[in-house]
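# Structural features, examined
The primary structure of each chain is shown beneath.
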Amino acid sequence: MRRLDRSKRLVVKIGSALLVNPDGQLNRPWLESLIHDLAQLKAAGVETLIVSSGAIALGRRTLGLPKRPLKLAESQAAAAVGQIALARAYQQILAEHGYVAAQILLTLKDTEERRRYLNARSTVGTLLKQGAVPVINENDTVATTEIRYGDNDRLAARVSSMMSADCLVLLSDVDGLYTAAPGAGADARLVAEVHEITPEIMAMAGKPVSGVGSGGMITKIEAARIAVGAGAHMVIASGRHLNPLRRIDAGAPCTWFLSSASPVASRKRWIAGALEPAGRLIVDQGAVNALLDGRSLLPAGVKRVDGSFARGDTVSICALSGVEIARGLVAYDRDEAERIAGARSHEIEQRLGWRGRDEMVHRDDLVIIGSLHHEAG
Ligand code: GLU
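The notes below deal with the structure included here. (Residues numbered from 1 in each chain as written. Predicted model: local features only at pLDDT ≥ 70, side-chain atom pairs only at ≥ 80, totals over all residues. Heavy atoms only, no water.)

### Observations regarding the sheet that holds strand β1 (residues 9–14)
Condition: Pairing between strands is defined by DSSP: at least two bridges between the two strands are required. Numbering of helices and strands runs from the N terminus, with a helix taken as a DSSP run of H or I at least four residues long and a strand as a DSSP run of E at least two residues long. Residues are treated as being in contact if the distance between any of their heavy atoms lies within 4.5 Å. All axes are obtained by fitting lines to C-alpha atoms, using only the stretch in contact for helices, and the reported angles, taken between N-to-C directions, cover 0 to 180 degrees.
Here eight strands make up an open sheet; going across it, the order is β3-β4-β2-β1-β5-β7-β8-β6 and the pairing mixed. Looking along the sheet, the strands with just one partner apiece sit at the ends: β3 (101–106) and β6 (193–194). Summarising the sheet, β3 and strand β4 (residues 133–138) pair through six bridges and their orientation is parallel. Its bridge partner lying in β4, leucine 106 is registered against glutamate 138. Contacts from helix α9 (residues 217–229) reach β5 (167–172), β7 (233–238) and β8 (254–257), with the element oriented near 155° to β7.

What follows is the structure, encoded as structure tokens:
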């Protein structure tokens, strides 16, 4: 049996229908039971992140907008009101367990544009390192139709991929994926494990059904594609009962989408393969040795900079002989990289005029060429 308490980094997505009662009030006892489970996972050493919906559902009544459907500007206004209440509830309940809540509001570009992606990744990474619980939602008040994730299933999958999580839980009002859409027939069975997202699996998803949230089974399967592709297992489980995470570990019915690779291997494969390098960093032998030892590339070891690239682009890291040693996501634009090439960490600020990052390419963002077959799996 698969268990959440075996994961290292877990993302839990909570749908509006679970968190907010039909009268627009927060379902506090339920949230308390969820945070109780989460605290136990944290005590077992699991890093946890929450992606929570509910801002619009909580805010609309307060703002006098109970009737649906809302216009875009109305849901954005409702989210502005509801997000405060949502954040306050998480802050209070997490504090009862001795944990610090950290609110993160993301827009699509934060995970799609690599320049911003590196920022979001390192901020959330710092919060996790400090033991805080990131509570993430879409920045609904500013996102317009074209630039929205639109549903938090997909947002949670992007977060899971961005943070190299190894497990994503989508808590919803259904137990999981059924062989036929709900209501389609009495012989619909729950699918316990999905190893590959085939057209048959897509066909099982049917149409969106949930009343309060915006995602249906289709968006959950799309989320699975993203999360599994990034090396995480994903589970769809019902959140209709108290202690929904404990229930999963106790064997409640649910659907697991299984990934065959680890997050680190998937990310490295993505860095190595998917992107054409936009430039080259020529580095000295000391830097080559450091890279082969698994360390980051520091500006001090960079001898020359070629090509035209922006922060977040892929660059090829080459030895003085020209041989490519590694590829990675560079933390500086080309002209900045040139200015700090050869500089010690304490000299970066002086050369740039602002306090940049110590690493030119962080070790989490790079892959040694030829190493992938050792790290897969
Ligand atoms: N971001 C929206 C909210 O907090 C929810 C989106 C969704 O339901 O997936 O209200």
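### Structural notes on helix α4 (residues 72–96)
To keep things clear, this is the line we draw: Take the number of residues in a helix, subtract one, and multiply by 1.5 Å to get its expected span. What the bend at a residue measures is the angle between two axes, fitted to the seven residues ending there and to the seven starting there. Buried, partly exposed and exposed residues are distinguished by accessible area as a fraction of the type maximum, computed with a 1.4 Å probe on protein chains only: under 20%, between the cut-offs, and over 50%, respectively.
Its 25 residues place the ends of α4 36 Å apart at the C-alpha level, agreeing with the 36 Å of an ideal helix rising 1.5 Å per residue. The largest bend along α4 reaches roughly 30° and is located at glycine 82. Where α4 is concerned, the buried positions are Ser75, Gln76, Ala78, Ala79, Gly82, Gln83, Leu86, Ala89, Tyr90, Ile93 and Leu94. Taken from the residues just after α4, glycine 98 is the one with a positive phi, measuring 85°.

### Remarks on the environment of threonine 314
Here threonine 314 lies in strand β11 (residues 314–318). What makes threonine 314 buried here is its relative accessible area of 2%. Along the primary structure threonine 314 and isoleucine 271 are separated by 43 residues, whereas in three dimensions their C-alpha atoms are 7.2 Å apart.

### Considerations on the nonpolar core
Note that soluble globular proteins tend to have their nonpolar side chains buried in a common cluster. The condition is simple: What we call a nonpolar core is a set of buried Ala, Val, Leu, Ile, Met, Phe, Trp, Tyr and Cys residues that are connected through their side-chain atoms within 4.5 Å.
Counting 43 residues, the largest nonpolar core has Val159, Leu177 and Phe257 as the members making the most contacts within it. Per-element accounting of this core gives the leading share, seven residues, to α9. Beyond its immediate chain neighbours, meaning those up to four positions away, valine 159 contacts Val11, Leu49, Val51, Leu106 and Ile136. Ranked by size, the runner-up nonpolar core spans 36 residues in total, among them Leu18, Val133, Cys167 and Leu258.

### Some thoughts on the packing of helix α3 (residues 55–62) against α4
Counted only if it meets this: Working definition: roughly parallel below 35 degrees, roughly antiparallel above 145 degrees, roughly perpendicular at 65 to 115 degrees, and oblique for all remaining angles. Just so you know the grouping, Ala, Val, Leu, Ile, Met, Phe, Trp, Tyr, Cys and Pro go in nonpolar, Asp, Glu, Lys and Arg go in charged, and all remaining residues, Gly too, go in polar.
Where α3 contacts α4, the axes come no closer than 6 Å and their chain directions differ by 105°. By the angle between their axes, α3 is roughly perpendicular relative to α4. Where α3 abuts α4, its residues Ala55, Ile56, Leu58, Gly59, Arg60 and Thr62 lie against Ser75, Ala78, Ala79, Val81, Gly82, Gln83, Ala85 and Leu86. Residues that form the contact of α3 with α4 fall into these classes: eight nonpolar, five polar and one charged.

### Quick notes on the environment of arginine 327
For clarity, the cut-off: Distance and chemistry together define a polar contact, namely a pair of N or O atoms within 3.5 Å, with one atom able to donate a hydrogen and the other to accept it when in protein, and with adjacent residues in sequence counting only for side-chain atoms on both sides.
Tracing the backbone shows arginine 327 in strand β12 (residues 324–329). On the basis of relative accessibility, which here comes to 16%, the residue arginine 327 falls in the buried class. It is 33 Å that separates the C-alpha atoms of arginine 327 and leucine 170, two residues lying 157 residues apart in sequence. Here glutamate 324 takes part through its side chain, which lies 2.8 Å from a polar atom of the side chain of arginine 327.

### Digging into the pattern of salt bridges
Quick reminder of the rule: Here, a salt bridge means any side-chain nitrogen of Lys or Arg that lies within 4 Å of a carboxyl oxygen of Asp or Glu.
Enumeration over the complete set of coordinates arrives at 18 salt bridges. Its salt-bridge partner being glutamate 47, residue arginine 9 comes within 2.8 Å of it at the nearest N-O pair. With arginine 9 in strand β1 and glutamate 47 in strand β2 (residues 47–52), this residue pair connects regions lying 38 residues apart in the sequence. Given the relative accessible area of 19%, arginine 9 is considered buried. What makes glutamate 47 partly exposed here is its relative accessible area of 27%. Ionic pairing is found between arginine 327 and glutamate 324, a salt bridge with its closest N-O pair at 2.8 Å.

### Description of the sheet that holds β11
With respect to topology, five strands assemble into an open sheet ordered β10-β9-β11-β12-β13, the strand pairing being mixed. The sheet is open, and its two borders are formed by β10 (302–307) and β13 (366–368), each paired with just one other strand. Pairwise comparison of adjacent strand axes, ignoring direction, gives a mean angle of 20° for this sheet. In this sheet, β13 lies alongside β12 in antiparallel orientation, the contact comprising three bridges. Looking at β13, one finds that alanine 326 is bridged to isoleucine 368.

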